[in-house]
Every structure is written in C-alpha cells, then in structure tokens.
Amino acid sequence: MTVLAAVLAATAAEAMHRYGQLSNSLVKASMAVYTCAMLAHALYAARQVRTPARPAAVEQLQPVGVAAGPGSSSVPDLEPQQPSQPQSRSEQRVGHVALNLTILAALVLTAAVAARVMAVHRPPWGNMYEFSLTSALLATLIYVVAAIRWRVVGLGVVVVPLALLGVGLAATVLYVPAGGLQPILDSSWLVIHVATVVGSFAAYTVGAALCLLYLARASSRPSWAGRLGWLPSAQRLDTMSYRLHAFTFPVYTFSVIAGAIWAEAAWGRYWGWDPKETWAFIVWVLYAIYLHARLTAGWSGRAAAGLALLAYSGFIVNYFVINLLVSGLHSYAR
Amino acid sequence: MSAPVAPGNPRLGPGGWLRWGWRTLTSMRTALWLLALLALAAIPGSLLPQRPTDPAAVLRYTRDHPGLARWLHRVEFFDVFNASWFRAVYLLLMISLVGCLVPRGRMWWRQWRTPAPTPTQAAVEEAVWHQAKQGAQLHQARRWLRRRRYRVRLVQPWPPSSQPGTGEGGLLIADKGRLRELGNLAFHLALLGILVAVALGRHYGYRAEVVVAEGGGFTNSVVQFDSYHPGAGVAPGDLPEFTVSLHQLQVSFLPPSSGQDAGKPEGFAALTTVRDAPGQPQREVRIGPNRPLEVEGTKVYLMGQGYAPRISVRDASGRVVFSGPVILLPREGDRSMTSTGVLKVPDGLADQLGLELTFLPTGLRLPTAQGGQQMVSVFPQASRPVLVITAAWRGDLGLDSGRAQSVYRLDTQAMRPLPGAEGELTPGTTMQLPQGLGSITFDGVSRFAGFTLASDPGRGWALAAALLALLGLVVSLFVYPATVWVWVRPDGSLMVSGQAGRGHEHVHAQTGRLVVWLGESSQIRRSSP
C-alpha cells in the first residue's frame, strides 16, 4: 500500500513538474507573440500619423439619424464606426495583422494558464505570478472584444504593451514555481473573490488605457491633436471609457463584498482595515467619486479621465506596493 | 474664505449662515470632497502599524523611532480608523448624505406618483421628429411602447390650443426608468445601513482569544480568555456557555522533497468536542482554516498553533511539583518552528524557579561559520524534538506583586541566575537541576491551538445592506430614464421623437427602432416652420 501511494505521489509530482515546465515555456512563447503584436500596433499607429494638415474638425461626426437639438447633447453612440480619419487599404491591413497577432498571443497565454491549472489543480490565481498572468490575459481579451465591437484597434497601442509588461513582470520578478495553496486560501471563495478582482483589475486596466488615449486625443496641443486623427474621436473615447468603468464598478464592489464574506469565514471579521482592505476601500471610493463626477456633477473630459487614472493608480499601489512591501493578512504574494 | 454676502445684498443673520452651512454641507461637491478626504485619511492607516490589529508592531515602531512616534501618537496615526478626525470625516459624510437623500427621496416619491409631465408646446416644436410611414396607427405605437415597459399617456387635443373640430391631433407621452433614482436612493441608504450594522455589531459583539494545549479545553466565559474585547453593550453573563475540549491538533507540512515550499504548512485541523450548553450532549467538531465552529452566534476560529512540550518538575525528594504542557510560541518568520517561552514553577521547590526554554521540532547539530557547533531546527514537524534550557533563574517570580505579567516572559528583577541548569532534553529524559533543587523531565510533545472567538450580531445586517447597495448600484447604473413622444397629426400621420438626458442617448436608437417597426423610416424633420 505505502509503496503504491509513494509511486502515485511520485507520478503526481512528476506530472506537476512537467505541466509546470510546459506552462513556463508557453509563457515565454506568449511573450514573443505579444512583442510581435506590440510592434504591429506601433506600426499601425506610426503609419497613420500624419502631419497636422487638418485641424480637429473631423471630430464633429454625427451618428446616422440623429441631429443635435437644443435639448439633446450630441454624444455619439457606440455603434461600430470608422475611425474619424479615413484609412487606406494597407493601413487597415496592418490593423488586422496587429489584432490577429494579439489574438494569437492571447491563445498562447491561455494555453500557458491552462497548463498551470493542470500542474496545480486549482484556479490559476493563488499568488502574484498567477494573478498577473490571468489579469494580463483577461485585459487582452477585453481589448480584443472592444477592438472588434467598437473598432478601436488603436486601443491596443496602450493595452498590448501593458499586457506584455504584466506577463514580463510575472515571468521575472514575481515567478513562483507550480505549487499548492496556503491552507487559509483553500476555500471556494478563492474562486469568487479573486476571480472578480482579476476581472475588475483587467477591465480597469483597459479603462485606464482609454483614459490615456482620451487625454492625448483631447489635448489642446495642435501637434498632438492633429497626429492622433486615426484614433476615435475624443467624445467616443470618453463614452467608451465611462461605459467600461460603469460596468466594472459593480463587479469590483461585488469582489469587495465577497472578500468581506471570506474574511469573516477565515479571520473572524468581515472588515479589519488590513492594508489590502484599506486600499481596496480607497480605490472603491476613488472610482465612486469618478462615477459621481461623471453622472451627477456633470464632469466629463479631462477632470473625469484624471480621476479614473488616479483611482487606477490606487489599484496599482494596492497590487504592487501593498503586496510586496507592506505585510498584512493578505501577504500571499509568493 | 469667500463670504456668501455680495455687497449690496442684505447681510445674513445667524439663521441665514446656518442655512448656508447646511446647504453647503449637503451639496454634491462637498460630499465628493469629503469622500476624497476619507480616502486620503485611510492611507496612513495602511502604511503605519495599527494598534487594534498589531499592537506589538506599534510598540516596535515606537521603540525604533521614539521622536516621530510621539507625534504620530498625538495625531492618532496608530489608530487611524478610530481616530477622532477620521470619525469626524465620516460623520460629516453621513450627515451630508442624509441631507442629500431626504429631499431627493421626497422628490422621487412625488415623481413616482405623478404622470410624466406634459411638455410645453415650444419644447415639442423644437424637438427632432421622425416621420412614420403613412397608415401607421397610434395603437401600434402604444403596444410597442407598453411591451417595453413604458408608462403611456395620451394628451388630446394637441396642440392644446387647437380648436375642437378642426381635426384633432394628440400627443402620446411615454416614459420609463423611474427605477433608476430608486436604485440610487437604495444604494446610498444601504451604505448608511452598513455603517449602522457595523456600529451595532461593535456594541453588542465581543472578541476573545484563548490558547489551549491538546488535552485541555475552555468554556466561553470571561475568566478563561487570554484576551477579551467586549462591546459596550455586552455583559459577562450574556456569553453563551459552551465548552470546547481540544483532543488533537493535526498539522501537516509540505515534505522536504517539495523544494522551496518545504516546511510550509499544508493543512490544519483541530479535533474537538463541543458542548453547546451545560447539560447538552457533546458533539465532535473539526475546526480548521475557513471552517469555524459556530455556537449561538459566537464563532470559534483556529488562528494559531505551535508546540507545547509536556514537562514535569520534581523536588529533591522526587515529589512532582509541576506537570503539564508548556506553551512555547514559534519565532516569527521561522519556518522550522523553533519556539521559545518560559516555565514558571512558583510552588513546591526551595525557591521559585524560572526557566527559559527553546524547542526545536527537528533538532540537528550543525557546524557554524565560527567552527563550533550549534543546535538548530531544520524542519517544523516534530520528528527529532529537542528541548533546550537556555537559562534558569531562582528567587521571586513576582507573581504576587500585583503587576500584570506575561506568561511567555520572565520578570527577573527579583531573581538571580541559576548557572549550570542549561542543557538539552529529548523526550523521556530527565535532568538534575543544580544546587539540589530537584529534576526536570521532558515527558513528550503536545501541540497547542490559538482560538479566536468572535460574536458580531451586526454581520447579517451588514451583509444584507451590502447586497442591497450592490443591487441599487446596478439598477442606478443600468436602468436609463427615457421619454418617447408620439405625435398624431390632425391628418392621422404619426411622428416619433425620443428625449434623452446626458449619457442616455441610446433612446435615439430605440425611437429609430420604433419608427422602423411602425413601417418605414425615417425622414427627420423639425416641425417648426
């Protein structure tokens, strides 16, 4: 019996090791494809940068069937549209190549994450390494969906490098070999709480990318505004960014509530101002201010985009600074 | 300071100032600034050690930075979330919220009960209209709108000033989305609800800690706790009287073959029997991470563990003067679970005795860099347990001095060293104490469990309020108010117009769909000449 058990354990360890190795190779492969996708996006952007011949008059595109009356503002809808600057056939082709390379990178990274799951037999978000891989993958997927639905391949100019950065940091600084979980993490709330945190992190990343593009597009410097004519109009970027943030906020709220329920089961209190919890609260408050400012106070444009970026930087602090430098109950980084 | 009095205007009396202050406090802008301030105020609480969660870290910090710490204490930075200024911010925010919600709630109630307002003739004429196909009927439009949960109301004749008999037109007013504001109100009310639930839970709840060695147990009563933090509304007699006996604490560690994870804990389980109340039958309960025991609203969590070597001390004649497990605390950050603590023997010997102990679960003698040898623990499982007496003291333990004393530390003020007592023991071995005091025997290894007991009667309410807040949030973000007008012209032709507030422009897409459904789209025209 003991011999059999030992053999089984050895085989399991062997399989774990092999899948772990496979996953590591796939992560490296995905980084190569991500690099290609990033270069293709750079090419896509570079080919369309034109010297500022036309002023920003192209912005006033009206959606079909709606004229601006005095009572109705003229924010265009998000139906698929051409970019505000006409594209040549070859420019469109570069955009397709960039998007397809991104999809390929996402596929390879999906395989890497799947191999990791085979190695560890649990959801792939038990430490910072796995969390970074999964959220980079999810951010890529959100971008791909947005690029197809909203025709914003230009968004990839920001999102793809960010995803590559996430995977790169994971593979180098944050790497943890395939292994088990700390006993306190062994709970079904790991699936619910951390999955929704990964989801909101990824979506907020894409939202922050939209805000950056918006700020560049809405810049009053003519040299910028003219060169970015290939991006969607500033108004459309603003609307997309709001929609994404409005969608993500309840998801993030839910993840905090789920975390509180789990904390109650694991530590005997649902809220204890642990550093991670404190920053989750700060980030929540900042995004709440953003939504209020957009919805009620009627801010839009630069101030709102700045607020959203501030909130996102809070998320980044919570992820990197609190996880790596401040010790607390949530110290599961490694 | 900008005074709200413009030159030439009447000066504000005290009532006016009060009203101005109230209006400022309850304005959205102030609420947003207060929210931002709350976020900012929370930051020091995450970067500095906090007394409620880690008092030892606060002491360490105070020792390392005495000058800075004095100031930080003064501004309550070591207990940010109970600090007066933190409370002030969130109380102001609560007041601001209430001041904002009451009028909004009243307004919402009025709007809920009254039908959609009839627009002015000018507004109708300014609007953008889509013409439906010839022959489209009003009842078709009405059915389409009703199916999409619009409230529908017909104003006839339209324009109101038109002469009866000249061929009457009419205006169908359809609106929906009043739930949005209800969701908004529910969200903000629920946030207040969370605060109330937290306060209730603190007032009527308690927390306690108790450390028990295998074979021991505890009753849920104040005298048995190692620490006890009751809310203001809890009397000692309110605690449910259940009893927990710890039979065994199972702990497993990842084996040395698991590479860099070797020695990490793999699983914990406390095997206990629980008696819910005196006279009730016992039940077996397994308490582990994420699996607390619950008795009448009090939950018992397994929060710590370690070794408790069983030790006997005999006097010179061989009479047992102490026998039992001694709880030793694992050194912080030491994965091999080297544990330290003290044994105090107050009675039965010629003098009171204090021993400083170190326990090595897997003790090995390894060469040191200096060329000597040192006993160290290489693995947390007790496979080669060694108990080391590192120092011994005799004299007055100070237990009767009335000063509070830690059970993990010796107060050696009134004691003198007892040289020659240092030594290593393995299970079953006995060592003579110097100066003819007696002997000490290492009987075997037990474990101890650290339990946290928590009762929070507000937690269910807090969860309900949080879920209500989430529901209200979703409704307020994803229900859009929309108004659609259908104008029946005196000649019977139909015109459709969608009215949208900022950010809800998809109403236009919807009206477009209505026009298509009615037959044909869609010449846009302004009705005004």
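This text follows the structure it describes.
As the structure is a prediction and not an experimental result, all values here were calculated from the model. For every chain, the first residue of the written sequence is number 1, and numbering continues from 1 along that sequence. To label them, take the chains in the order written and letter them from A, then take the ligands in the order written and number them from 1. Local features in this predicted model are restricted to residues of pLDDT 70 or higher, and side-chain atom pairs are both shown and tallied only at a pLDDT of 80 or more, whereas totals for entire chains, interfaces and linings draw on every residue. Values reported for side chains reflect all heavy atoms of the structure, with hydrogen atoms and water molecules removed beforehand.

A short note on the overall build of chain B
Move 1: A run of H or I in DSSP counts as a helix once it spans at least four residues, and a run of E counts as a strand once it spans at least two, with each numbered from the N terminus. The secondary structure content of chain B amounts to ten helices and 25 strands.
Move 2: Our radius of gyration looks at C-alpha atoms and nothing else; its globule reference is 2.2 Å times the residue count to the power 0.38. Its C-alpha atoms give chain B a radius of gyration of 38 Å, more than 25% over the compact-globule value 24 Å for 529 residues.
Move 3: Expressed as lengths along the three principal axes of its C-alpha atoms, the size of chain B is roughly 125 × 60 × 60 Å.
Move 4: Each residue gets one of three labels from its accessible area relative to the maximum for its type: buried under 20%, exposed over 50%, partly exposed in between, using a 1.4 Å probe on protein chains only. Looking at the 529 residues of chain B, the share that counts as buried comes to 43%.
Move 5: To measure how exposed things are, a 1.4 Å probe is used in the Shrake-Rupley method; for residues, cover is taken only from the protein chains shown. Here chain B displays about 27500 Å² of accessible surface, and carbon together with sulfur accounts for 57% of that area.
Move 6: His is not counted, nor are the chain ends; Lys and Arg add positive charge and Asp and Glu add negative charge. Working definition for charges: the position is that of NZ of Lys, CZ of Arg, CG of Asp or CD of Glu. Measuring between centres, the 53 positive side-chain charges of chain B sit 14 Å from its 36 negative side-chain charges.

Details of the overall build of chain A
Move 1: If you tally the helices and strands in chain A, you get nine helices and zero strands.
Move 2: Along its sequence from the N terminus, chain A presents helices and strands in the succession α-α-α-α-α-α-α-α-α.
Move 3: For chain A, the proportion of its 334 residues judged to be buried stands at 56%.
Move 4: It only takes one pair of heavy atoms within 4.5 Å for two residues to be counted as in contact. Counting only contacts in chain A whose residues sit at least 6 apart along the sequence, the fraction spanning at least 24 positions is 83%.
Move 5: Element-wise, carbon and sulfur atoms account for 70% of the exposed surface of chain A, whose accessible area totals about 13800 Å².

Considerations on the side chain of T196 of chain A
All names here are of chain A.
Move 1: With respect to the secondary-structure elements, T196 resides in helix α5 (residues 188-217).
Move 2: For T196, a relative accessible area of 16% puts it in the buried group.
Move 3: Polar side-chain contacts of T196 include one of 2.9 Å to the backbone oxygen of H193.
Move 4: Apart from the residues within four sequence positions on either side, T196 is in contact with V251, F254 and S255. We define a polar contact as two N or O atoms separated by no more than 3.5 Å, with the added condition that, inside protein, one atom must be a possible hydrogen donor and the other a possible acceptor, whereas residues neighbouring each other in sequence contribute only through side-chain atom pairs.

As for the side chain of D315 of chain B
All names here are of chain B.
Move 1: Within the secondary structure, D315 sits in strand β11 (residues 298-315).
Move 2: For D315, a relative accessible area of 12% puts it in the buried group.
Move 3: Only 2.9 Å separates the side chain of D315 from the backbone nitrogen of R319, close enough to count as a polar contact.
Move 4: Apart from residues lying up to four places away in sequence, D315 is in contact with V321, G348, L349, L437 and G438.

Quick notes on the pairing of strand β23 (residues 482-488) of chain B
Residues and elements named next belong to chain B.
Move 1: Taking burial as the measure, the seven residues of β23 include six buried ones, the bulk of the element.
Move 2: Pairing between two strands requires that DSSP report at least two bridges joining them. By the bridge criterion, seven bridges tie strand β3 (residues 169-176) to β23 in an arrangement that is antiparallel. Bridge pairing in β23 places A174 opposite V484.
Move 3: Relative to strand β24 (residues 494-499), β23 is paired through six bridges, and the arrangement is antiparallel. Bridged to V484 within β24 is G498.
Move 4: Hairpin geometry of β23 and β24 is characterised by an intervening segment of five residues between the two adjacent antiparallel strands and by a positive phi of about 90° at G492.

Side note on helix α7 (residues 138-147) of chain B
All names here are of chain B.
Move 1: Those residues of α7 not exposed but buried are L138, A141, W144 and L145. In a view along the axis of α7, the buried residues occupy a sector of 125°, so they form one face of it.
Move 2: Those residues of α7 hidden inside the fold are in contact with β2 (151-158), β3, β23, β24 and α10 (506-518).
Move 3: Two residues or fewer after α7 comes R149, characterised by a positive phi angle close to 60°. Working definition: the arc comes from the directions between the helix axis and the C-beta atoms, pointing outward to the latter.

As for unusual backbone geometry
Move 1: Omega for the peptide link from Q156 of chain B to P157 of chain B comes to -5°, which places this bond in the cis form.
Move 2: Counting through the fold element by element, P157 of chain B comes out in strand β2.
Move 3: Here the phi dihedral of W273 of chain A falls at roughly 55°; this positive angle occurs in a residue that is not glycine.
Move 4: Tracing the sequence through the fold places W273 of chain A in the loop between α7 (234-267) and α8 (275-295).
Move 5: Non-glycine residue E296 of chain B carries a positive phi angle of around 45°.
Move 6: Looking at the secondary structure, you find E296 of chain B in the loop between β10 (293-295) and β11.

Details of the environment of S455 of chain B
All names here are of chain B.
Move 1: Residue position: S455 is located in strand β22 (residues 438-455).
Move 2: With a relative accessible area of 13%, S455 lands in the buried category.
Move 3: If sequence neighbours within four positions are ignored, S455 has contacts with G205, Y206, G297 and T298.

Details of the packing of aromatic side chains
Move 1: Any pair of Phe, Tyr and Trp rings, taking the six-membered ring for Trp, is counted once the centres come within 6.5 Å. Such a pair is stacked with planes under 30 degrees apart, edge-to-face with planes over 60 apart, and tilted for the rest. Overall, the coordinates contain 34 aromatic pairs over all chains when judged by the stated rule.
Move 2: Ring geometry for W85 of chain B and F86 of chain B: centres 6.4 Å apart, planes at 80°, overall edge-to-face.
Move 3: Its relative accessible area of 26% is what places W85 of chain B among the partly exposed residues.
Move 4: With a relative accessible area of 3%, F86 of chain B lands in the buried category.
Move 5: Among the aromatic residues, those joined into a cluster by ring pairs are F131, F201, Y204, Y252, Y287, Y312, F315, Y319 and F320 of chain A.
Move 6: R148 of chain B extends its terminal NZ or CZ atom over the ring of W144 of chain B, reaching a point 4.0 Å from the ring centre.
Move 7: Sitting over a ring, as applied to charges here, requires NZ of Lys or CZ of Arg to be within 6 Å of the ring centre and within 35 degrees of the ring normal. Between the NZ or CZ atom of R178 of chain B and the centre of the ring of W112 of chain B, over which it lies, the distance is 4.2 Å.

As for the interface of chain A and chain B
Move 1: The interface of chain A with chain B comprises 55 residues on the first partner and 55 residues on the second.
Move 2: Summing both sides of the interface, chain A and chain B together bury roughly 4400 Å²; the carbon and sulfur share of this comes to 67%.
Move 3: When two parts are put together, the accessible area they lose, computed with a 1.4 Å probe and summed over both, is reported as buried area. By the criterion of area lost to chain B, the three top residues of chain A are P183, Y270 and W273 of chain A, representing 14% of everything that side buries.
Move 4: Joining chain A to chain B, the criterion identifies seven residue pairs in polar contact (both at pLDDT 80 or more).
Move 5: Elements with a minimum of two residues in the side of chain A that touches chain B: α7 and α8 of chain A.
Move 6: It is α7 of chain A that provides the largest number of residues to the side of chain A that touches chain B, a total of 14 residues.
Move 7: Classifying every residue of the side of chain A that touches chain B gives 35 nonpolar, 15 polar and five charged. Ten residues, namely Ala, Val, Leu, Ile, Met, Phe, Trp, Tyr, Cys and Pro, are considered nonpolar, four, namely Asp, Glu, Lys and Arg, are considered charged, and the remaining ones, Gly among them, are considered polar.

Let's talk about the packing of α8 of chain A against helix α2 (residues 28-47) of chain B
Move 1: An axis is simply a line fitted to the C-alpha atoms; with a helix, the fit covers only the stretch in contact. Between two such axes, the angle follows the N-to-C directions and lies from 0 to 180 degrees. Interaxial distance between α8 of chain A and α2 of chain B falls to 9 Å at its minimum, and their mutual angle equals 160°. Judged on the interaxial angle alone, α2 of chain B and α8 of chain A are roughly antiparallel. Once α8 of chain A is placed against α2 of chain B, the crossing between them reads as left-handed. Listed contacts from α2 of chain B to P275, T278, W279, F281, I282, V285, I289, H292 and A293 of chain A of α8 of chain A are M28, L32, L35, A36, L38, A39, A42, I43 and S46 of chain B.
Move 2: Looking at side-chain class alone, the contact of α8 of chain A with α2 of chain B contains 15 nonpolar, three polar and no charged residues. Every angle not falling under 35 degrees, over 145, or within 65 to 115 is termed oblique; those three ranges are roughly parallel, roughly antiparallel and roughly perpendicular. Here a crossing is called left-handed whenever its near helix is offset anticlockwise from the far helix by less than a right angle, and right-handed whenever the offset is clockwise.

Here we look at the sheet that holds strand β9 (residues 282-287) of chain B
Residue and element names in this part refer to chain B.
Move 1: Strand order in the open sheet formed by four strands is β5-β7-β8-β9, and the pairing between neighbours is antiparallel. Only two strands of the sheet have a single partner each, and these edge strands are β5 (217-219) and β9. The sheet shows a mean angle of 25° between the axes of neighbouring strands, direction not considered.
Move 2: In the sheet, strand β8 (residues 265-275) pairs with β9 via six bridges, with the strands oriented antiparallel. Bridge pairing in β9 links T272 to V285.

Some words on the environment of V120 of chain A
Residue and element names in this part refer to chain A.
Move 1: Within the fold, V120 resides in helix α2 (residues 89-120).
Move 2: With relative accessibility at 8%, the residue V120 sits in the buried group.
Move 3: Note: C-alpha distance between V120 and Y175 (55 residues apart in sequence) is 14 Å.
Move 4: When neighbours within four sequence positions are excluded, V120 is seen to be in contact with M16, E130, A178 and G179.

Considerations on a nonpolar patch on the surface
Residue and element names in this part refer to chain B.
Move 1: Together, W109, W112, L179 and L182 give the surface a local cluster of nonpolar side chains, amounting to about 380 Å² of exposed area.
Move 2: Elements supplying a minimum of two residues to the nonpolar patch: α5 (84-113) and α8 (179-204).
Move 3: Looking at where W112 falls in the secondary structure, it is placed in helix α5. Patch construction takes residues with relative accessible area above 30% that form no salt bridge. Like charges are linked within 9 Å, and nonpolar side chains (Val, Leu, Ile, Met, Phe, Trp, Tyr) are linked within 5 Å. A side-chain nitrogen of Lys or Arg and a carboxyl oxygen of Asp or Glu constitute a salt bridge if their distance falls within 4 Å.

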